[in-house]
Amino acid sequence: MEKATRLFDCMAIQANQLRADFLVAKENGNWRSYSTQDVHTMIYQLAIALMDMGISAGDGTNEGRDKVGLIGNGRPEWVIVDLAVQLTGAVLVPLYPNTSTKEMEQILSEAEVKLIFVSNADLCDKIKQVSTTLPALKGIYSFDKVDKFNNWHSLLKPLTNNHQQRIKDTSDKIHEDDLATIIYTSGTTGRPKGVMLSHKNIMSNVFDSGDVLAEVPLVDKRAFSFLPLNHIFEKMCTYIYLYYGFSISYAESIEMIGANMRDVKPSIFTSVPRLLEKIFERIMVEGQKLSGVKKKIFLWSVRLAEQFEITGNSPWYKIKLAIADKLVYSKWRAAMGGNVKAIVVGSSATQIKLEKIFTASGMVVLEGYGLTETSPVITVNHYYISGRKFGTVGPLLNSVQVKIAADGEILCKGPNVMLGYYKNPELTAEVIQDGWFHTGDIGNMDSNGFLKITDRKKEIFKTSGGKYVAPLPIENKMKENHFIEQMMVVGAGKKFTAALIVPSYTNLLPWCKEHDISFTSHSEVIKDKSVIALYQKAIDTFNPEFNHVEQVKKITLLPNEWSIDSGDLPPTGKMKRKVIMEKYDAEIEKMYAGEANENPSLIPAN
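Given the structure is predicted, the values throughout are model-derived calculations rather than measurements.

K.L.:
Looking at this model, I keep getting lost on the nonpolar core. Mind explaining?
P.N.:
Across soluble globular proteins, nonpolar side chains have a tendency to be buried as a group. Among the nonpolar cores identified, the biggest contains 127 residues, and Leu46, Phe117 and Phe358 are the most heavily contacted of them. Non-local contacts of Phe117, meaning those with residues more than four positions away in its chain, are made with Leu46, Leu50, Val68, Gly69, Leu70, Ile71, Val81, Tyr141, Phe143, Trp152 and Leu155. Judged by nonpolar contacts, the second largest core, of 28 residues, contains Ile474, Phe483, Leu508 and Ile539.

K.L.:
Help me understand helix H10 (residues 273-288), please; the structure alone is not making it clear to me.
P.N.:
Within an α-helix, residues lying three or four positions from one another point in the same direction, as the helix has 3.6 residues per turn. In this model H10 runs 22 Å from its N-terminal to its C-terminal C-alpha over 16 residues, within 8% of the 22 Å that 1.5 Å per residue would give. Inspection of H10 places Pro273, Arg274, Leu275, Leu276, Glu277, Ile279, Phe280, Glu281, Ile283, Met284 and Gly287 among the buried residues, and these make up the whole buried set.

K.L.:
How do you make sense of the sheet that holds strand E12 (residues 268-271) when you look at a structure like this?
P.N.:
Within a sheet, neighbouring strands are paired by backbone hydrogen bonds and run either parallel or antiparallel to one another. Overall, mixed pairing links the 8 strands, which are arranged E2-E1-E11-E10-E12-E13-E14-E15 in an open sheet. Across the chains shown, the open sheet's two edge strands, defined by having one partner strand only, are strand E2 (30-34) and strand E15 (377-380). Strand-to-strand twist of the sheet, defined as the mean angle between neighbouring strand axes without regard to direction, takes the value 25 degrees. The sheet contacts of helix H9 (residues 257-264) involve strand E1 (23-27), E2, strand E10 (222-225), strand E11 (247-250) and E12, and relative to E10 the element is tilted by about 165 degrees.

K.L.:
What exactly am I supposed to notice about the pattern of salt bridges here?
P.N.:
Any two side chains of opposite charge can pair, so long as their charged atoms come close to each other. All told, the structure shown has 36 salt bridges when counted by the stated rule. Across the salt bridge formed by Asp21 and Arg19, the nearest N and O atoms sit 2.9 Å from each other. Using a relative accessible area of 14% as the deciding quantity, one classes Asp21 as buried. We classify Arg19 as buried; its relative accessible area is 14%.

K.L.:
Looking at this structure, I do not really get the pairing of E10. What am I missing?
P.N.:
Two faces belong to every sheet, and in a regular strand the side chains alternate between them. The alternating pattern of E10 places Arg222 and Phe224 and Ala223 and Ser225 on opposite faces, both of which are buried. When E10 meets E11, the two strands line up parallel, connected through 4 bridges. Looking across to E11, one finds that Arg222 is bridged to Ser247. For the crossover from E10 across helix H8 (residues 232-243) to E11, the handedness is right-handed. Bridge count for E10 against E12 is 2 bridges, and the pairing is parallel. Residue Phe224 lies in a different strand from E12, and its bridge partner there is Phe269.

K.L.:
Can you walk me through the pairing of strand E6 (residues 139-142) in this structure?
P.N.:
Burial of E6 is two-sided: the residues Gly139 and Tyr141 facing one way and the residues Ile140 and Ser142 facing the other way are all buried. Of the crossover connections in this fold, the one passing from strand E5 (residues 113-118) over helix H5 (residues 121-131) to the parallel E6 is right-handed. In terms of strand pairing, E6 meets strand E7 (residues 150-151) through 2 bridges, oriented parallel. Bridged to Tyr141 within E7 is Asn150.

K.L.:
Sorry, what's going on with the packing of helix H7 (residues 199-213) against H8 here?
P.N.:
When two helices pack together, their arrangement is given by the angle between the helix axes and by the axis-to-axis distance. Look at H7 against H8: their axes get within 9 Å of each other, and the N-to-C directions meet at 70 degrees. Viewed along their axes, H7 and H8 adopt a mutual orientation that is roughly perpendicular. Where H7 crosses over H8, the two elements pack in a sense that is right-handed. Side by side, H7 and H8 meet where Ile202, Asn205, Val206, Phe207, Ser209, Gly210 and Leu213 of the first sit next to Ile232, Met236, Tyr239, Ile240, Tyr241 and Tyr243 of the second. Class assignment for the residues of the contact of H7 with H8 results in 10 nonpolar, 3 polar and no charged.

Conventions adopted
Residues numbered from 1 in each chain as written. Predicted model: local features only at pLDDT ≥ 70, side-chain atom pairs only at ≥ 80, totals over all residues. Heavy atoms only, no water. Core = buried A, V, L, I, M, F, W, Y, C linked by side-chain atoms within 4.5 Å. Buried < 20%, exposed > 50% of the residue type's maximum accessible area, 1.4 Å probe, protein only. Contact = heavy atoms within 4.5 Å. Helix = DSSP H or I, 4+ residues; strand = E, 2+ residues; numbered from the N terminus. Expected span 1.5 Å × (residues − 1). Pairing = 2+ DSSP bridges. Axes fitted to C-alpha atoms, helices over the stretch in contact; angles between N-to-C directions. Salt bridge = Lys/Arg side-chain N within 4 Å of Asp/Glu carboxyl O. Right-handed = clockwise from strand over helix to strand, strands pointing away. Parallel < 35°, antiparallel > 145°, perpendicular 65-115°, else oblique. Left-handed = near helix turned anticlockwise from the far one by under 90°. Nonpolar A, V, L, I, M, F, W, Y, C, P; charged D, E, K, R; others polar.

The following block contains the structure:
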């Protein structure tokens, strides 16, 4: 296959595939397919319009290149704007649609964004609120038709031969080492940082990750996209789809993922662990509605899947697995379109239980690891059995090097490592030393070359007794209990380890009804003695797996789920630990009132 050096080179390679369903999205209640030719024409039309408005590479430096903003959920227009901006030599600055007004203003101001494209009326209003403080901003264009705002279609004019030559002359001057995009990390603490990624950074990841993707036996190259396209994980995967001739279908919304997948029947999709948890939660909800023999078979199949191993399953186990597949797992696949072969997961740790369940059901979970600063993939589990191992984030990509520092921190070197943080050379120098990027994650490499992440360096804490506690392994293990939805371990400077828990109300409430426990609200149900005993039992079951200092001595049950909207989670789904600790400071202090008593107990939040 022809080699690409710049991201937009994927366009010419994709053009050879000539798909009628290159990009697919719901419009006015119906699915609309954009052909390869449709998309390429609009990319070139928009590129000319941008050039006519003066958008360019400027003096060719990182700061001198014009910046174009893009905010909204995934849709075909995203790809078109992204590639059109690249052809001009300018830089795309994508933002999450739920970025706060304050952060949006900070990012757009720092990047000196000249034009911005947004999805809908709500985002038009949001940009309008901050536009008066952005002197560089010259125009706002909406994908949807919004009163008093320019529609992006107004920029698309018929192409001429002169236009084609103009685009070629401009794009020929763009090199693989040139800045392609600035992605502001959502972060779990502090102000977002602008990660500068070059064409080469991302393309190196496209080639290496594409080799892994090529292992998946796909009957039809059909991808489903629902993660934000400003997330480098989904953004990089989009270029893989471009390069390898996939069709990409976009979800209407998170709520419509299931229905949309049944419509478009994808063979592969990317996810973050939190969304995978939600998908399985819905499967369990439907299973709990069954009765009699059907319910028993369903629960047996779930337990069977939890016992799945990549290698070493006995012949008798394989026979039972085949029976479960025919009776249960096939229905799970049908609910997701029927054709899913692989689910690529990243951003945060995935429960091993979930990896086993989905893989056993025929939808192989390929968990990977990386950061925005590494474009993003460093390691990923393969589809081939020899390249997969539960509990790890897989082997290294071909072009990537990793070493483990003396304190356990994972260091990375390779063509995928960012150019640096935008307008922040001091911070860049802190994290990139002698060519090695310091990830901030703690981990180890096993004898077979599989990387395992054990915690975030900044999240490991020390108790008052001087003992270190890594919260992530404890949280991940205890969340295997299906009554625990979310969990955060605390105890820095304290005598013992404790935790905040958000119950899985999807599973807890039916359990309460089965046990004749009445309630009017979540706040009320977590005070019930039987419910408290249920969580006490869960903690007692897991605690022996950890050393004494790691064992959770007290827990507070919380009535409300942590979410992006509540400000407790960034868009990547990781916990904002500092925010959560400040929010529940009173509950945490209550657990430590009278630390001399270390008897385990559960305290429901008021």
